[in-house]
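# Structural features, examined
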Amino acid sequence: SMVADFTLVPARKYAVIGPSGAGKSTLLAALCGFVPLAAGRMFWEGREITNAAPAARPMTMLFQDNNLFPHLTALENVTLGIDTSRKPSKQSLTRAKQALSLVDLQGLEHRRPSDLSGGQQSRVALARTILSDRAVICLDEPFAALGPSLRREMLDLMATHLANRTVLMVTHDPDDAQRIADHTIVVADGKAASPA
């Protein structure tokens, strides 16, 4: 079990660092509601969200494997960020197209994930995250599989397009942490330390 006691400042960027197996991913999963809290409470803007379902929270999670649906096109995967109906509105599709062009994927809207490179898949997932209206974005080593230059490119895209969101990013790379983070949360010895 892990003890975490801190307050996040809106629109700040946090690197979540610490040894393997210390619970960095678990911390993010608990914030997003995928792992129940053993004790304690969680509040968002004065409202308790300790037992709120993931969809009812102001957080969204971007996983390492990008969580793309293999049978859907890039455009359909991104549209899901704002419109989960079977037939998305024209407005939703237009916004999804705009998000794809923000991450330089115009022209690839109708490709499925298997027809995209790893870097392009990461961009699709990032476009979906940009479109989501969640105030807090949790990133679990989302670009770990990419080479250094691609990873830097993704971090810069993220910094540009998620500037007004609160971001928590698990990373093992000090350069990545430095590149995006205003603060660091260290997870070790069963504790998540207050942001430094």
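Residues numbered from 1 in each chain as written. Predicted model: local features only at pLDDT ≥ 70, side-chain atom pairs only at ≥ 80, totals over all residues. Heavy atoms only, no water.

Looking now at the pattern of salt bridges. Counting across every chain of the model gives seven salt bridges. Residue aspartate 176 is joined to arginine 151 by a salt bridge in which the shortest nitrogen-to-oxygen separation is 2.9 Å. A residue pair is termed long-range when its members are at least 10 positions apart, and aspartate 176 in helix α6 (residues 174–180) and arginine 151 in helix α5 (residues 148–161) qualify at 25 residues. Assigned by exposure class, aspartate 176 and arginine 151 land together as buried. (Salt bridge = Lys/Arg side-chain N within 4 Å of Asp/Glu carboxyl O. Helix = DSSP H or I, 4+ residues; strand = E, 2+ residues; numbered from the N terminus. Buried < 20%, exposed > 50% of the residue type's maximum accessible area, 1.4 Å probe, protein only.)

With respect to the helices, strands and loops of the structure, aspartate 140 is situated in strand β6 (residues 136–140). Although buried, aspartate 140 forms no salt bridge, and the nearest oppositely charged side chain, lysine 24, lies 7.6 Å from it. Of note is the side chain of aspartate 140, whose polar atom sits 2.9 Å from the side chain of serine 25. (Lys, Arg positive; Asp, Glu negative; His and termini not counted. Polar contact = N/O pair within 3.5 Å; in protein donor to acceptor, adjacent residues only side chain to side chain.)

What follows covers the environment of glycine 118. Of note, glycine 118 is situated in helix α4 (residues 118–131). Glycine 118 sits in the partly exposed class, given a relative accessible area of 40%. Between the C-alpha atoms of glycine 118 and leucine 31, which are 87 residues apart in sequence, the distance is 27 Å.

The subject of this paragraph is the environment of glutamine 98. Structurally, glutamine 98 can be placed in helix α3 (residues 90–102). Spatially, the C-alpha atoms of glutamine 98 and arginine 151 are 22 Å apart, while their sequence positions differ by 53 residues.

A separate point is the environment of leucine 168. For leucine 168, the position within the fold is in strand β7 (residues 166–170). Residue classification places leucine 168 among the buried residues on the basis of a relative accessible area of 0%. Along the sequence, leucine 168 and threonine 184 sit 16 residues apart, while their C-alpha atoms lie 9.2 Å from each other.

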